[in-house]
Amino acid sequence: MKKTLIKIFAFFMSLTLIFSSFNITFAATKKTSDLRLASDWPYPFHGNPFGPGAVGGAWWFVYEPFAYYIPQTGQYIPRLAEKWTINGNKLTVYLRKNAKWSDGKAFTAQDVVNTVAFIQAMWQWPYEIQTVRAINPNTVEFTLWKDAPASFMHTILTDGAMGSLVPYHVYSKWNAQARQVAELGKKIFYDTQAGKAVSDETKKQYEKLSSALRDQVNKFSPYKTLKRMPVVGAYEPTKIIQSEMILSKNKYHWLANKNTTERVVFRRWSSNEFVWASLVSGELDAAHPNMPKDVVEQLKFINPNLNVKAVSDLSEIALVFNFNNKLFKDINLRKAIAYLLEKNKVKDVSVWQANAAGQYYTGVLSSMQSKWVNSTTLSKMTKYATNTASAENILKKAGYTKKNNQWYTPSNEPVEFVLSVYGPHNDWVLAAREVVQQFNKFGFKVEMKLIPDGMRDQVMRSGDYECAIEFGSAWWGYPHPMTGYSRLYQGDIANITAFPSKEKFNTPWGQYSPYDLVNELKDNINNSKKATEIIQKLAYITNEYLPVVPLFEKVLPIYYSSARLTGWPSAQDGRWSLAPGGIERLYNLLITEGVLKSK
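Residues numbered from 1 in each chain as written. Predicted model: local features only at pLDDT ≥ 70, side-chain atom pairs only at ≥ 80, totals over all residues. Heavy atoms only, no water.

1. Description of the layout of surface pockets
Working step 1: When its volume is computed, the largest pocket comes out at roughly 790 Å³.
Working step 2: Along its surface, the largest pocket is lined by 34 residues, and Trp475, Trp476, Gly477, Tyr478 and Pro479 are the ones closest to its centre.
Working step 3: Sorting the residues of the lining of the largest pocket by element identifies helix H2 (59–62), helix H4 (152–158), strand E12 (306–321) and helix H19 (481–489) as the ones contributing at least two each.
Working step 4: Among the residues forming the lining of the largest pocket, the class breakdown is 16 nonpolar, 11 polar and seven charged.
Working step 5: Reported here for the second largest pocket is a volume of approximately 460 Å³. (1 Å grid on protein atoms, 1.4 Å probe; cavity = no way out; pocket = protein on both sides within 12 Å on 5 of 7 lines; lining within 4 Å. Points joined across faces, edges and corners; volume = space filled by probe spheres on them. Helix = DSSP H or I, 4+ residues; strand = E, 2+ residues; numbered from the N terminus. Nonpolar A, V, L, I, M, F, W, Y, C, P; charged D, E, K, R; others polar.)

The structure is reproduced here in structure tokens:
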């Protein structure tokens, strides 16, 4: 540890010399109220969301969604929208009447309609939106495609690309082209999904039109052509060099009177080491790099103003099984595995800041379990506290035997298998090594096999594995249990494991197929009472029949300094859970509402 700290201080000294020699210290920014962060951005900067590198770390400061969603509390916080209503497959959004672009132009429903046409034309997504129309200047109506999941309403509300990406008064010259390409792309998509043949002529026409549009739009640089990048967000890029990006406050933003932070100043994220050294030395106010454990443990001595908050990254790392292998079809073996693994030890050697998997494997992330799974349901479930005696008892009752520290199946075959893990993911490899050691100590014969770089998807999807380390339940996109269950029983995990999710399983409420329950949950996603009832059944099936065995919940470590700023949320504040998938949203929320500000 002493050697590590010596290296840190040496690194600080070298940074000081570098900053001094290039005259790029933060001294100049102290005259104004700034938030200092680290990120990447395209250079030369173009200010075009469709150009190479888009706008980098400025994204959530310059573009606003209709709302933010706080996963931990289930709360929506209106942003560009004042309110919204859902009626079947229609979503009506009522826009803020006082929202303006940073050049003073009014933000209207026409901008939203234009934005959707452009993203469908440029990105071939989201075709789940069948139509979008301006009912009046401050009201826009989305109609979803008949096969779009109800959860896509959440995507429309919270995705930063949906509302303010393309100001009509800046991109209007390509509006007709974008609408034409979007409509043709949707027709091809809907026909394909319906099993209808799409002619080669139609495909060629689409490719010709879309290529012409992309070539023109991708070359456009509002930052160069207009000498600015008009935005509806709280900050507009005003000075960009290779090592520094400065965003200045949008005086027309509807929360400008609350926001006391005049600028957001980004340093180039050249490496994790540079960022955490800059944090510790006080050059940055917040960032989320990986830091060595011994450094974090010494933060209170190195920089007493630096704090850390580990936030769920909305995914768990798990042990997944190939159910085409008869060994893992036996629920007794899977339950024995759930009991024998010392999961906290796996977590500590792999990602020490991760959240523990807990003692119930409900498919709901452990940090969110208390919100979604009630105590009555938990009381009906098996609790998987580490207990090798329980693992042995389960196996013996099922007819397994142990000879010379080697377990044998009821058919007298050795319990042996290979645990595969993706080589480039160092934390996964560390977890796999620990799991293999625990298996072999218990009496299973297990070897570890590294999946080569670039081969993970091919290996997993082809089923060329027996057991593996992989993402288990994950709430990416729509942070809700439905997303995790869909992954386990209908999506990626179901496809790679071949878990029999369409079969019916016994529960205290009767027999249910998790596949059918997921469909029912999707249909009732906006009915909280019904959705909660379905989640209880899915939680029970997931815990008792173990399609995967969670090892730990992945987290995002956020380091933030109280040296210059006041108003950071308490450790228990649900707003921290906004960070995964766009940590700048958290900072933007706090400063625009006047919560986080300079001392």
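2. Regarding the nonpolar core
One broad trend across soluble globular proteins is that nonpolar side chains are buried collectively.
Working step 1: Membership of the largest hydrophobic core comes to 92 residues, with the highest contact counts inside it found for Phe61, Phe66, Phe142 and Tyr587.
Working step 2: Setting aside residues up to four positions removed in sequence, Phe61 forms contacts with Leu35, Leu37, Gly233, Ala234, Tyr235, Leu247, Val264, Phe266, Glu584, Tyr587, Asn588 and Ile591.
Working step 3: With 84 residues, the next largest nonpolar core counts Phe321, Leu327, Tyr360 and Leu419 among its residues. (Core = buried A, V, L, I, M, F, W, Y, C linked by side-chain atoms within 4.5 Å. Buried < 20%, exposed > 50% of the residue type's maximum accessible area, 1.4 Å probe, protein only. Contact = heavy atoms within 4.5 Å.)

3. Remarks on the pattern of salt bridges
Working step 1: Applying the stated criterion across every chain, the model contains 22 salt bridges.
Working step 2: Residue Arg228 pairs with Glu236 through a salt bridge whose shortest N-O separation is 2.9 Å.
Working step 3: The closest approach of N and O atoms between Glu392 and Lys402, which form a salt bridge, is 3.9 Å. Of the two residues, Glu392 sits in helix H16 (residues 388–397) while Lys402 sits in strand E14 (residues 401–403), which places them 10 residues apart along the sequence.
Working step 4: For Glu392, a relative accessible area of 25% translates into the label partly exposed.
Working step 5: Residue classification places Lys402 among the partly exposed residues on the basis of a relative accessible area of 35%. (Salt bridge = Lys/Arg side-chain N within 4 Å of Asp/Glu carboxyl O.)

4. Structural notes on the packing of helix H3 (residues 109–123) against helix H7 (residues 200–218)
Working step 1: Taken N-terminus to C-terminus, the directions of H3 and H7 make an angle of 115°; their axes are 9 Å apart at the nearest point. When the interaxial angle is binned, H3 and H7 end up roughly perpendicular. For the pair H3 and H7, the crossing hand works out as left-handed. Contact with H3, carried on its side by Phe118, Ala121 and Met122, involves Tyr206, Leu213, Arg214, Val217 and Asn218 of H7 and no other residues of that element.
Working step 2: Looking at side-chain class alone, the contact of H3 with H7 contains six nonpolar, one polar and one charged residues. (Axes fitted to C-alpha atoms, helices over the stretch in contact; angles between N-to-C directions. Parallel < 35°, antiparallel > 145°, perpendicular 65-115°, else oblique. Left-handed = near helix turned anticlockwise from the far one by under 90°.)

5. A word on helix H21 (residues 514–523)
Working step 1: All buried positions along H21 are accounted for by Pro514, Leu517, Val518 and Leu521. The buried side chains of H21 occupy one side of the element, clustering within an arc of 100° when seen end-on.
Working step 2: Where the residues of H21 are buried, they touch H19, strand E19 (505–507), strand E20 (510–512) and helix H22 (528–545). (Arc of directions from axis to C-beta.)

6. With respect to the side chain of His253
Working step 1: Along the chain, His253 falls in the loop between strand E9 (244–249) and strand E10 (263–268).
Working step 2: Excluding anything up to four places from it in sequence, His253 contacts Glu64, Arg79, Val232, Gly233, Ala234 and Thr592.

7. Regarding the sheet that holds strand E8 (residues 235–240)
Working step 1: Across the sheet, which stays open at both edges, the four strands sit in the order E1-E10-E9-E8 with mixed pairing between neighbours. Single-partner strands in this sheet number two, and they are strand E1 (34–39) and E8. Strand-to-strand, the axes of this sheet are offset by a mean angle of 25°, without reference to chain direction.
Working step 2: The pairing of E9 with E10 spans five bridges and is classified as antiparallel. Bridged to Leu247 within E10 is Val264.
Working step 3: This element, helix H23 (residues 583–592), spans E1, E8 and E10 of the sheet and lies at about 175° to E1. (Pairing = 2+ DSSP bridges.)

8. Let's talk about the packing of helix H6 (residues 175–193) against H7
Working step 1: Between H6 and H7, the shortest axis-to-axis distance is 10 Å and the interhelical angle comes to 145°. Seen from above, H6 lies across H7 with left-handed handedness. Where H6 approaches H7, its residues Gln177, Ala178, Gln180, Val181, Leu184, Gly185 and Ile188 are matched on the opposing element by Thr202, Gln205, Tyr206, Leu209, Ser210, Leu213 and Gln216.
Working step 2: Considered class by class, the residues forming the contact of H6 with H7 number seven nonpolar, seven polar and no charged.

9. Remarks on the sheet that holds strand E7 (residues 139–144)
Working step 1: Read across the open sheet, the four strands follow the order E4-E5-E7-E6; overall the sheet is antiparallel. Edge positions in the sheet fall to strand E4 (81–87) and strand E6 (129–136), since each has one partner strand and no second. Sheet twist, expressed as the mean angle between neighbouring strand axes with direction ignored, is 20°.
Working step 2: Here H3 sits on the sheet in contact with strand E5 (90–95), E6 and E7, set at roughly 165° to E6.

10. Considerations on the pairing of strand E3 (residues 75–78)
Working step 1: For strand E2 (residues 67–70) and E3, the ladder comprises four bridges, and the chain directions are antiparallel. By the bridge assignment for E3, Ile70 is matched with Gln75.
Working step 2: Between E2 and the antiparallel strand that follows it, E3, lie four residues; Gly74 among them carries a positive phi value of about 75°.

11. Remarks on the environment of Leu226
Working step 1: Here Leu226 shows up in the loop between helix H8 (222–225) and E8.
Working step 2: For Leu226, a relative accessible area of 39% puts it in the partly exposed group.
Working step 3: A sequence separation of 179 residues divides Leu226 from Asn405, and the C-alpha atoms of the two residues are 74 Å apart.

12. Concerning helix H9 (residues 272–280)
Along an α-helix, a turn takes 3.6 residues, which lines up residues three or four apart on a common side.
Working step 1: In terms of residue burial, H9 counts as a mostly covered element, since seven of its nine residues are buried.
Working step 2: Along H9, the residues classified as buried are Phe274, Val275, Trp276, Ala277, Ser278, Leu279 and Val280.
Working step 3: Directly beyond the C-terminal end of H9, a positive phi value near 90° is found at Gly282.

13. Re the packing of aromatic side chains
Working step 1: This structure, assessed with the given rule, holds 41 aromatic pairs.
Working step 2: Lys83 extends its terminal NZ or CZ atom over the ring of Tyr94, reaching a point 5.1 Å from the ring centre.
Working step 3: In this arrangement the basic side chain of Lys502 is found over the ring face of Tyr515, its NZ or CZ atom lying 4.7 Å from the centre. (Phe/Tyr/Trp six-rings, centres within 6.5 Å; stacked < 30°, edge-to-face > 60°. Lys NZ or Arg CZ within 6 Å of the ring centre and 35° of its normal.)

14. Let's talk about the environment of Val308
Working step 1: In this structure, Val308 sits in strand E12.
Working step 2: Judged by relative accessible area, Val308 falls into the partly exposed class, the value being 36%.
Working step 3: Distance in space between the C-alpha atoms of Val308 and His169 is 43 Å, their sequence separation being 139 residues.
Working step 4: In contact with Val308, not counting residues within four places along its chain, are Gln353, Ile558, Tyr559 and Tyr560.

15. Quick look at unusual backbone geometry
Working step 1: Between Tyr43 and Pro44 the backbone carries a cis peptide bond, its omega angle lying at 0°.
Working step 2: Looking at the element boundaries, Pro44 is found in the loop between E1 and H2.
Working step 3: A cis geometry characterises the amide bond from Trp125 onward to Pro126, with omega recorded as -5°.
Working step 4: Tracing the backbone through its elements, the reader meets Pro126 in the loop between H3 and E6.
Working step 5: The phi dihedral of Asn405 falls on the positive side, at around 60°, and the residue is not glycine.
Working step 6: A relative accessible area of 43% means that Asn405 is categorised as partly exposed.
Working step 7: Its identity is not glycine, yet Ala498 carries a phi of approximately 60°, on the positive side.
Working step 8: With respect to the helices and strands, the residue Ala498 is situated in the loop between helix H20 (492–497) and E19.
Working step 9: Residue class for Ala498 comes out partly exposed when judged on its relative accessible area of 34%.

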